Amino acid sequence: MLRHLGPLVHLYLSSLRIIPKNSDFCAQRINIGDVMPVEFYFFRTFDFVNQRPRMPMTQITDADRRFMQMAIDLSVENVKNGGGPFGAVIVKDGEVVATGTNRVTANNDPTAHAEVSAIREACQRMRHFKLEGCICYTSCEPCPMCLSALYWAGVSAIFYGNTKEDADRIGFGDDFIYREIEKPYEYRSIPIHGMMRNEALEAFRQWELKDDKIEY
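It should be emphasised that the depicted structure is a prediction, and the values quoted were computed from it without experimental measurement. (Residues numbered from 1 in each chain as written. Predicted model: local features only at pLDDT ≥ 70, side-chain atom pairs only at ≥ 80, totals over all residues. Heavy atoms only, no water.)

Student: Describe the packing of aromatic side chains, and please don't skip the residues or the numbers.
Tutor: Evaluation of the coordinates by the stated rule reveals five aromatic pairs. Judged by centre distance (6.2 Å) and plane angle (70°), the ring pair of Phe129 and Tyr216 falls under edge-to-face. Pair noted here: Phe129 is in the loop between helix H4 (114-126) and strand E7 (134-140) and Tyr216 is in the segment after helix H8 (197-209), with a separation of 87 residues, a long-range link. Owing to a relative accessible area of 64%, Tyr216 belongs among the exposed residues under this scheme. Pairing Tyr137 with Phe159 gives two aromatic rings, centres 5.1 Å apart and planes at 10°, and the pair type is stacked. Highlighted residues: Tyr137 in strand E7 and Phe159 in strand E8 (residues 157-162), separated in sequence by 22 residues. Classification of Tyr137 by relative accessible area gives buried; the value is 2%. Site record: aromatic cluster; members linked through ring pairs are Phe67, Tyr137 and Phe159. Residue placement shows Arg66 over the ring face of Phe67; its charged tip is 5.0 Å from the ring centre. Of note, Lys164 hangs over the ring of Tyr178, and the distance from its end group to the ring centre comes to 4.9 Å. (Phe/Tyr/Trp six-rings, centres within 6.5 Å; stacked < 30°, edge-to-face > 60°. Helix = DSSP H or I, 4+ residues; strand = E, 2+ residues; numbered from the N terminus. Buried < 20%, exposed > 50% of the residue type's maximum accessible area, 1.4 Å probe, protein only. Lys NZ or Arg CZ within 6 Å of the ring centre and 35° of its normal.)

As structure tokens, then:
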């Protein structure tokens, strides 16, 4: 019965603009923990330029599980060592390039999240500011800062263990940051003001004229 209701749910949600009208409705049965089959629905938004799903289904391998377990072990050990409950591993071609843990309070550094720490170490070891071809395994779904850093680093894929809802339940909620980004400047909790744009543009003008710049 739910399967027949799915398209109606899709039409209703698209009318409310909760999901795009051109998204593809799919339904299937899965086994969760080998306990019982569960009927569920998901909406797959297509990239109509390249005619492919933006988020193709990925087959989890034994290697993926091994590297994720490393990230999880790092997070557990880090709690014992005075850090936050987060760990990350960056891998390239099946080899570990770098690891990182959350040392925000230990180092008095609000940017010392596990993923950012792993990115810094990986870039130093690879002697490059891009981590193309690398995969990040992190014990928890990345926060907005870490997700941005992973995009800037250019990793090929991200795998996570705990969800951001799991993190929120133990006091590490970051949904408010996503909400803040969506707000106009005048409604944000931290005042943000633009000023002296003409003077600031001078650096941009010099960058555009620079012949030996390294773009990123």
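Past the structure itself, the notes keep going.
Student: Go over the sheet that holds E8, please, and point to the residues and values.
Tutor: Overall, mixed pairing links the four strands, which are arranged E6-E5-E7-E8 in an open sheet. Two strands in the sheet have a free side with no partner beyond their single neighbour: strand E6 (95-101) and E8. Averaged over all pairs of adjacent strands, the angle between strand axes in this sheet comes to 15°, irrespective of strand direction. The sheet contact formed by E7 and E8 spans five bridges and is parallel. The residue bridging Cys140 from the neighbouring strand is Asn162, located in E8. (Pairing = 2+ DSSP bridges. Axes fitted to C-alpha atoms, helices over the stretch in contact; angles between N-to-C directions.)

Student: Quick rundown of the nonpolar core? Include the residues and the values.
Tutor: Counting residues in hydrophobic clusters, the biggest one holds 18 residues, and the most contacted among them are Ile90, Ile119, Ala122 and Leu131. Setting aside residues no more than four positions away along its own chain, Ala122 makes contact with Ile90, Val97, Ala98 and Leu131. Of all hydrophobic cores here, the second largest spans seven residues; its members include Met68, Ala71, Val89 and Val91. (Core = buried A, V, L, I, M, F, W, Y, C linked by side-chain atoms within 4.5 Å. Contact = heavy atoms within 4.5 Å.)

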